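Given next are the chains, with one letter for each unit.
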Protein chains: 2
Amino acid sequence: MTTNSWLTALQENGYRLTSARRAVVEKMAHTRTALNPLEVYDQTRAACPGLGLVTVYRTLEKLEELGLIQRVHQPGGCNAYLPSAHGHQHLLICRACGKAEYFEGDNLDEFFARVGQQNGFTISEHWLQLFGLCPTCQAK
Amino acid sequence: MTTNSWLTALQENGYRLTSARRAVVEKMAHTRTALNPLEVYDQTRAACPGLGLVTVYRTLEKLEELGLIQRVHQPGGCNAYLPSAHGHQHLLICRACGKAEYFEGDNLDEFFARVGQQNGFTISEHWLQLFGLCPTCQAK
DNA sequence: GCTATAATTGAAAAACGTTTTCATTATGAC
DNA sequence: GTCATAATGAAAACGTTTTTCAATTATAGC
């Protein structure tokens, strides 16, 4: 179960397991849509009533540091998070509801390296994201 | 000259030409590195002493609305702007100095459409950006 | 060129998201 | 159970962006 492996990862890195962290991890490990800190806060208070927004920020920070979640940049904002893809994958995001799918880019790395060479750049990272409407939001 | 065509575009859209706008346009039309509002402000005050930061924000907003500049998302922040590419191009950005190059993606659109289809999404936009070090910053 | 009108300006204040501070609480090792 | 200390939530601080507002300035019409 993902939740437990995330909690183990926190523990193995010297972080304590608290009810606040359990609740945030439970939410983030299973979300299929990108959530920003306030959304995580709102959707987690039911499971952890006393939860503070500050703690959400701090927990997201740790999960990102451990590579369990990743920040997602969208036209409407750049503070939402998703569970990280396994290996390097690219994102397909619904503009309406934030639902995300991962996809693989066949041999894009080769192309990216060539572009870098042609411009004299050394490439260290790339972002590839597609935006559109998911099946559910198309129907609305 | 780019500056004049930008000023004409502003005028044709009902905006007045002021010394503040001329100064910001002069700066943005020629920059090769992504600049955020504060950087534009600092680098434009010499040419327009009384300039206010608020006016920089408002002018950038109009230039973006007219499609003359585009917002650039980077690992370190998402509030910098570059002159827009002609046609749809992709970005190669230096992590150190913000210098940007545009490049074309051969037949990526076809690939993107296929990914959308496979997931039942209709694709309306895509972002492709490479990050690395430009020749100048590699030497440092 | 002069005037009238309305857009634009900069300063200050407000709003917003995020981070820091700090006293209190709770975890985990012993 | 005790203890050291990590983690918490409330409040305050912070930096960025937006709004408000009175004064200024560009432009169209004369």
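Conventions used here
- Residues numbered from 1 in each chain as written.
- Chains lettered and ligands numbered in written order.
- Predicted model: local features only at pLDDT ≥ 70, side-chain atom pairs only at ≥ 80, totals over all residues.
- Heavy atoms only, no water.
- Near = heavy atom within 4 Å.
- Polar contact = N/O pair within 3.5 Å; in protein donor to acceptor, adjacent residues only side chain to side chain.
- Helix = DSSP H or I, 4+ residues; strand = E, 2+ residues; numbered from the N terminus.
- Nonpolar A, V, L, I, M, F, W, Y, C, P; charged D, E, K, R; others polar.
- Disulfide = S-S within 2.5 Å.
- Contact = heavy atoms within 4.5 Å.
- Buried area = accessible area lost by both parts, 1.4 Å probe.
- Salt bridge = Lys/Arg side-chain N within 4 Å of Asp/Glu carboxyl O.
- Least-squares fit on C-alpha atoms with pLDDT ≥ 70 in both.
- Pairing = 2+ DSSP bridges.
- Axes fitted to C-alpha atoms, helices over the stretch in contact; angles between N-to-C directions.
- Parallel < 35°, antiparallel > 145°, perpendicular 65-115°, else oblique.
- Left-handed = near helix turned anticlockwise from the far one by under 90°.

### Here we look at the protein's contact with DNA strand C
As a structural note, the neighbourhood of DNA strand C is formed by 18 residues, with Arg 16 and Tyr 57 of chain A together with Arg 21, Thr 55 and Arg 58 of chain B the closest of them. Near the protein, meaning within 4 Å, the atoms of DNA strand C are sugar or phosphate in a fraction of 68%, with bases accounting for the rest. One of the backbone N or O atoms of Arg 16 of chain B is found 3.0 Å from a phosphate oxygen in DNA strand C. Between DNA strand C and Arg 21 of chain B, the relevant distance is 2.7 Å, taken from a phosphate oxygen to a side-chain nitrogen or oxygen of the residue. Of all elements in the fold, only helix H4 (53-65) of chain A together with helix H2 (19-30) and helix H4 (53-65) of chain B reach the threshold of two or more residues within the surface near DNA strand C. In the surface near DNA strand C, the residues fall into seven nonpolar, six polar and five charged.

### Comments concerning the state of the cysteines
Residue and element names in this part refer to chain A. Within this structure, the stated rule accounts for zero disulfides over all chains. Cys 137 supplies the cysteine sulfur nearest to Cys 134, a cysteine that is in no disulfide, at a spacing of 3.8 Å. Here Cys 137 stays free of any disulfide, with the sulfur of Cys 94 as its closest cysteine sulfur at 3.7 Å.

### Here's the deal with the protein's contact with DNA strand D
Taken together, the neighbourhood of DNA strand D is formed by 19 residues, with Thr 18, Arg 21, Thr 55 and Arg 58 of chain A together with Tyr 57 of chain B sitting nearest. Within 4 Å of the protein, atoms of DNA strand D come from sugar and phosphate in 71% of cases. Contact distances for DNA strand D include 3.1 Å between a phosphate oxygen and a backbone N or O atom of Gly 50 of chain A. Within the backbone of Leu 51 of chain A, one N or O atom sits 3.4 Å away from a phosphate oxygen of DNA strand D. For the surface near DNA strand D, the secondary-structure elements that each account for two or more residues are helix H2 (19-30) and H4 of chain A together with H4 of chain B. Looking at the surface near DNA strand D residue by residue, the classes come out as eight nonpolar, six polar and five charged.

### A short note on the interface of chain A and chain B
Listed by partner, the interface residues are 38 residues for chain A and 38 residues for chain B. For the pair chain A and chain B, the summed buried surface comes to about 3,100 Å²; carbon and sulfur atoms form 67% of the total. The largest contributions to the chain A side of the interface with chain B come from Phe 121, Trp 127 and Leu 130 of chain A, which together make up 22% of the buried area. In this assembly, chain A and chain B are joined by two salt bridges. A salt bridge links Glu 125 of chain B to Arg 95 of chain A; the nearest nitrogen and oxygen atoms lie 3.0 Å apart.

### Comments concerning the relation of the copies chain A and chain B
Note on the identical chains: chain A maps onto chain B by a rotation of 179° and an axial translation of 0.0 Å, with an RMSD of 0.1 Å. On the angle and the small slide along the axis, the relation comes out as a two-fold axis. Relative to the rotation axis, the C-alpha of Leu 128 of chain A is the closest in chain A, positioned 2.3 Å from it. In this assembly the copies share their binding face: 100% of the residues contributing to the interface of chain A also contribute to that of chain B.

### Details of the sheet that holds strand E3 (residues 90-94) of chain A
Spatially, the six strands line up as an open sheet ordered E4(A)-E3(A)-E5(A)-E5(B)-E3(B)-E4(B), and their pairing is mixed. Of all the strands in the sheet, the pair left with one neighbour each is strand E4 (100-103) of chain A together with strand E4 (100-103) of chain B. Strand after strand, the sheet turns through a mean of 25° between neighbouring axes, direction not considered. Here eleven bridges tie strand E5 (residues 122-133) of chain A to strand E5 (residues 122-133) of chain B, and the two strands are oriented antiparallel to one another. Following the sheet pairing, Glu 125 of chain A is matched in E5 of chain B by Phe 131 of chain B. Helix H5 (residues 108-119) of chain A contacts E3 and E5 of chain A together with strand E3 (90-94), E4 and E5 of chain B of the sheet and is inclined by roughly 125° relative to E5 of chain A.

### Focus on the pattern of salt bridges
Applying the stated criterion across every chain, the model contains six salt bridges over all chains. Counted as one network, the salt bridges with shared partners bring together Arg 32, Lys 99 and Glu 101 of chain A.

### Considerations on the packing of H2 of chain A against H4 of chain A
All names here are of chain A. Running from N to C, H2 and H4 cross one another at 60°; their axes reach a closest spacing of 10 Å. In terms of orientation, H2 and H4 fall into the oblique class. Relative to H4, the crossing made by H2 is right-handed. Within the contact between the two elements, H2 uses Ala 20, Arg 21, Val 24, Val 25 and Met 28 and H4 uses Thr 55, Val 56, Thr 59, Leu 60, Lys 62 and Leu 63. Here the residues of the contact of H2 with H4 are counted per class, giving seven nonpolar, two polar and two charged.

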